[in-house]
Amino acid sequence: MSAAVKGPRTGPPAGSRTTSDVVVIGAGMIGAACAYYAARAGFSVTVVDRGPVAGGTSGAGEGNLLVSDKEPGPELALALRSQELWRSLAEEAADSSARDSPAPDSRDSASRDSASPDLASPYSGSLDSASGPGFEYEAKGGLVVAFSSADFEALQRFAATQVPLGVVAEEVPGDRLAEFEPLIAPGLVGGFWYPQDAQVMPALATARLLRASGATLRLGNAVTGLVTSGGAVRGVRTTQGEISARFVVNAAGFGAAAIAALAGSALPVQPRRGFVLVTEPLPNMVRHKVYSAAYVADVSSSDAALQSSAVVEGTPSGPVLIGASRERVGLDRTPSYDALGRLAAQGAELFPFLADVMVQRYYCGFRPYLPDHLPAIGPDATISGLFHACGHEGAGIGLAPATGELIAAMMAGTEPMIAPEPFGPARFASCDEQKEAAG
């Protein structure tokens, strides 16, 4: 690591007491983005997690940065802003990599501006061996396809509502789909091309964003309580001691409900399980993110039962990822052969060559789900200085930068780039869970 890199700092010995402006609970993608933008706003930051970096939902996702599946409303506004920020982060990573030289001591680390972090240097451990600069940002675009005329008409209506808000959506008739994906199934009715859709390698992006933030990392360190005084947060208690802070950010993913409960608040965050199949390494046979129209309906559904729809994409390292399933079964990681079988069949229906490709493994993750399908981003309804950034379901990687930027603006008291009100955690203050938590 060059002397100019502002890397993460490990925490002090267990049992000690430390101080930061901000404590972020959660070392996943949302927590990393909150730490990064808080640091850019001038705050000192400590990130606490009971596990490793990207050890939860962020390490079990596909890295989707989508606008194609977002209906008009607050989430689409958050997604469009995040797209801008992801492009900026990718450019900074590329520029930083280009500036690297064999003589790292030729630059003075004290002169480095935190507003232009070194995103090209990975975090420690196995991520150090990741090849290439940045975090595998691919502006590959998305292709949403329809198997029936009814689905195609639904896509047309959906795209017509998105375009006036800044989404680029191009109608593609069935006989032109092969121009985008030569190996796609014949006979599809048509689809829509979304050039703004992109992808990152989520665990790598999380680690590199944390490194660029310069935050102190306290990993393997569970939060056991909040330190409060006079109705305001003063820090957190952890299994390794107390950390004093002016602000605490709850970015604990599907564990966010337990953190909110420590404040006497309630966020009805539930885990929503999903599986992804990973094939053997292949040549570049799937060029874009490709999914069926049914996926859009699954994303907005509140059904607890198993749902699955084909989402297929290649990766820079060769394997093809096949998703996506959704079901509410608590934190049960038991393999669902029904879900895995559906994904395999639906993937092959979209790309017939996949029927002859070996699936090497699958992985399972839990999306942090809120019943109104909007994340909770903003101040706690009970305790001053506590902020929540959770409940992004399957869109957390894509929505992370704008979430972090919004949290940082609220902590700094500056004008946010997008309206925060629709995401306010206080919208759950009158729900049954809140009443029970309040006693």
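Residues numbered from 1 in each chain as written. Predicted model: local features only at pLDDT ≥ 70, side-chain atom pairs only at ≥ 80, totals over all residues. Heavy atoms only, no water.

### Quick word on the nonpolar core
It is characteristic of soluble globular proteins that their nonpolar side chains tend to be buried jointly.
Then, in step 1: Ranked by size, the top nonpolar core spans 75 residues in total, and within it Val-24, Val-45, Val-47, Trp-86, Phe-135, Val-249 and Met-411 carry the most contacts.
Then, in step 2: If we ignore the near neighbours within four places in the chain, the residues touching Val-249 are Val-22, Val-23, Val-24, Ile-25, Cys-34, Phe-387, Ala-389, Ile-407 and Met-411.
Then, in step 3: Counting residues in each nonpolar core, the second largest holds 28 residues, with Val-172, Leu-177, Ala-310 and Phe-351 among its members. (Core = buried A, V, L, I, M, F, W, Y, C linked by side-chain atoms within 4.5 Å. Buried < 20%, exposed > 50% of the residue type's maximum accessible area, 1.4 Å probe, protein only. Contact = heavy atoms within 4.5 Å.)

### Quick look at the packing of aromatic side chains
Then, in step 1: Following the criterion strictly, the structure yields nine aromatic pairs and no others.
Then, in step 2: Seen in terms of ring centroids, Phe-43 and Phe-247 are 5.7 Å apart; in terms of plane orientation they differ by 80°. Their pairing is edge-to-face. With Phe-43 in the loop between helix 1 (29–40) and strand 3 (45–49) and Phe-247 in strand 12 (residues 241–250), this pair connects stretches of sequence that are 204 residues apart.
Then, in step 3: A relative accessible area of 13% places Phe-247 in the buried class. (Phe/Tyr/Trp six-rings, centres within 6.5 Å; stacked < 30°, edge-to-face > 60°. Helix = DSSP H or I, 4+ residues; strand = E, 2+ residues; numbered from the N terminus.)

### What about helix 5 (residues 202–213)?
Then, in step 1: Here helix 5 contains 12 residues, and its C-alpha end-to-end distance of 16 Å stays within 8% of the 16 Å for a straight helix at 1.5 Å per residue.
Then, in step 2: With 12 of 12 residues buried, helix 5 lies mostly within the body of the structure.
Then, in step 3: Among all positions of helix 5, only Pro-202, Ala-203, Leu-204, Ala-205, Thr-206, Ala-207, Arg-208, Leu-209, Leu-210, Arg-211, Ala-212 and Ser-213 are buried.
Then, in step 4: Where helix 5 terminates, the next one or two residues include Gly-214, which has phi positive at roughly 75°. (Expected span 1.5 Å × (residues − 1).)

### A look at the side chain of Thr-279
Then, in step 1: Within the secondary structure layout, Thr-279 lies in strand 13 (residues 270–279).
Then, in step 2: Side-chain polar atoms of Thr-279 contact the backbone nitrogen of Val-320, separated by 2.9 Å.
Then, in step 3: Setting aside chain neighbours within four positions, we find Thr-279 in contact with Pro-319, Val-320, Ile-322, Leu-354, Val-357, Met-358, Val-359 and Gln-360. (Polar contact = N/O pair within 3.5 Å; in protein donor to acceptor, adjacent residues only side chain to side chain.)

### Re the sheet that holds strand 17 (residues 359–369)
Then, in step 1: Strand order across the open sheet formed by eight strands is 6-7-5-14-15-16-13-17, with mixed pairing between neighbours. Both outer strands of the open sheet, strand 6 (170–173) and strand 17, are each paired with one neighbouring strand and no more. The average undirected angle you get between the axes of adjacent strands in this sheet is 25°.
Then, in step 2: Examined bridge by bridge, strand 5 (residues 142–146) and strand 14 (residues 289–292) share four bridges and lie parallel to one another. Each bridged residue has a counterpart across the sheet, and for Val-145 the counterpart in strand 14 is Ser-292.
Then, in step 3: Against the sheet, helix 3 (residues 149–162) contacts strand 5, strand 6 and strand 7 (190–194), and its axis sits at roughly 25° relative to strand 7.
Then, in step 4: Most of the contacts of helix 8 (residues 337–350) go to strand 15 (residues 307–314), to which it runs at about 55°, and overall it touches strand 5, strand 13, strand 14, strand 15, strand 16 (320–326) and strand 17. (Pairing = 2+ DSSP bridges. Axes fitted to C-alpha atoms, helices over the stretch in contact; angles between N-to-C directions.)

### A closer look at the pattern of salt bridges
Then, in step 1: Taken as a whole and assessed by the stated rule, the structure comprises 15 salt bridges.
Then, in step 2: Residues Asp-69 and Lys-70 are paired through a salt bridge, measuring 2.8 Å at the closest nitrogen-oxygen approach. By the burial criterion, Asp-69 is buried, and Lys-70 matches it.
Then, in step 3: A salt bridge links Glu-242 to Arg-237; the nearest nitrogen and oxygen atoms lie 3.6 Å apart.
Then, in step 4: On the accessibility criterion, Arg-237 (37% relative accessible area) is partly exposed.
Then, in step 5: Within the structure, one salt-bridge network assembled from shared partners comprises Glu-138, Lys-140, Lys-289 and Glu-313. (Salt bridge = Lys/Arg side-chain N within 4 Å of Asp/Glu carboxyl O.)

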